[in-house]
Amino acid sequence: MATGSTRGRRYTAGRWAATAVLVTLTALAGCGPDTPPAPSAPTPGTSTAPPPTSPPSPSPDGTSKNSEEPAPQEVLVELNVTGGFAGVQNQLIVRYDGSYTTRSGTKPPRTGRMEPAEIAELRAALEDPAFAAVPARPTGAPVHDGFQYVVTYRYRVVVATDGDRPPALRRVFSALPGGGPPTAP
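Residues numbered from 1 in each chain as written. Predicted model: local features only at pLDDT ≥ 70, side-chain atom pairs only at ≥ 80, totals over all residues. Heavy atoms only, no water.

Novice: I tried to follow the packing of aromatic side chains on my own but got confused; where do I start?
Specialist: Each pair of aromatic rings is reported with the distance of its centres and the angle of its planes. One pass over the full model with this rule turns up 3 aromatic pairs. Taking 6.4 Å as the distance between ring centres and 65° as the angle between the ring planes, the aromatic pair formed by Phe131 and Tyr153 counts as edge-to-face. Of this pair, Phe131 sits in helix H3 (residues 129-132) while Tyr153 sits in strand S7 (residues 147-153); the two residues are 22 residues apart in sequence, bridging distant segments of the chain. Exposure class is identical for Phe131 and Tyr153. Each is buried. Linked through ring pairs, Phe147, Tyr149 and Phe173 together constitute an aromatic cluster. (Phe/Tyr/Trp six-rings, centres within 6.5 Å; stacked < 30°, edge-to-face > 60°. Helix = DSSP H or I, 4+ residues; strand = E, 2+ residues; numbered from the N terminus. Buried < 20%, exposed > 50% of the residue type's maximum accessible area, 1.4 Å probe, protein only.)

Listed below in structure tokens is the structure:
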């Protein structure tokens, strides 16, 4: 019987040690029972409001600056174009400061800068409520050998094809550098 009670104590002590290790690892990982669940990623195609802006805080030079304002080098919009008869795979990234980079297949990237009026026009087209209402996925019939466009603006992704380009999306496309999506191979 002494063996049985010792074994029971070892089992209990072992269970306590395992529980302590599990609690420690859980606490280090930050995912215990008292930890709120991590926010889920937005569903593609759903519009999420931008984060609320905080009140302006004074900067060292005495002027007020909004701390939620994007940095000039942050991405404003990204456009990926695929398909077409030649099978293109192009990407256009426009940053808040108006600089942009275009990649076409395996060619070296090209860079440029939009004029302030041009970047203002693009931002206005992207912030237009009509653009927020553009369906997240194509609703029209596919076009054989047509292009597919994947536009990412803030937390929203819009996928369109040549056969389904609503006016608000065409307005965004026409405000892009080069007057439209990069479709050349």
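Novice: Any chance you could explain empty space enclosed by the protein here in plain terms?
Specialist: Think of a ball as big as a water molecule: rolled over the atoms, this probe shows where empty space is left. Evaluated as defined, the whole model comprises 1 cavity of 30 Å³ or more. Looking at the largest cavity, its volume works out to about 30 Å³. Lining the largest cavity, in full, are Val134, Pro135, Arg137, Pro138, Val158, Val159, Ala160, Asp164, Pro166 and Leu169. When residues of the lining of the largest cavity are assigned to their parent elements, the largest contribution, 3 residues, is made by strand S8 (residues 156-161). (1 Å grid on protein atoms, 1.4 Å probe; cavity = no way out; pocket = protein on both sides within 12 Å on 5 of 7 lines; lining within 4 Å. Points joined across faces, edges and corners; volume = space filled by probe spheres on them.)

Novice: Explain the sheet that holds strand S5 (residues 99-104) to me, please; I cannot follow it from the model alone.
Specialist: Note: strands within a sheet are paired through backbone hydrogen bonds, in either parallel or antiparallel orientation. Taken together, 6 strands build an open sheet; the order of strands is S6-S5-S4-S3-S7-S8 and the sheet is antiparallel. Two strands close off the open sheet at either side, each with one partner strand: strand S6 (110-113) and S8. The average undirected angle you get between the axes of adjacent strands in this sheet is 15°. In this sheet, S8 lies alongside S7 in antiparallel orientation, the contact comprising 6 bridges. Each residue of the ladder has a partner; that of Val150, found in S8, is Val159. (Pairing = 2+ DSSP bridges. Axes fitted to C-alpha atoms, helices over the stretch in contact; angles between N-to-C directions.)

Keep in mind that these numbers describe shape and distance, not what the molecule does.
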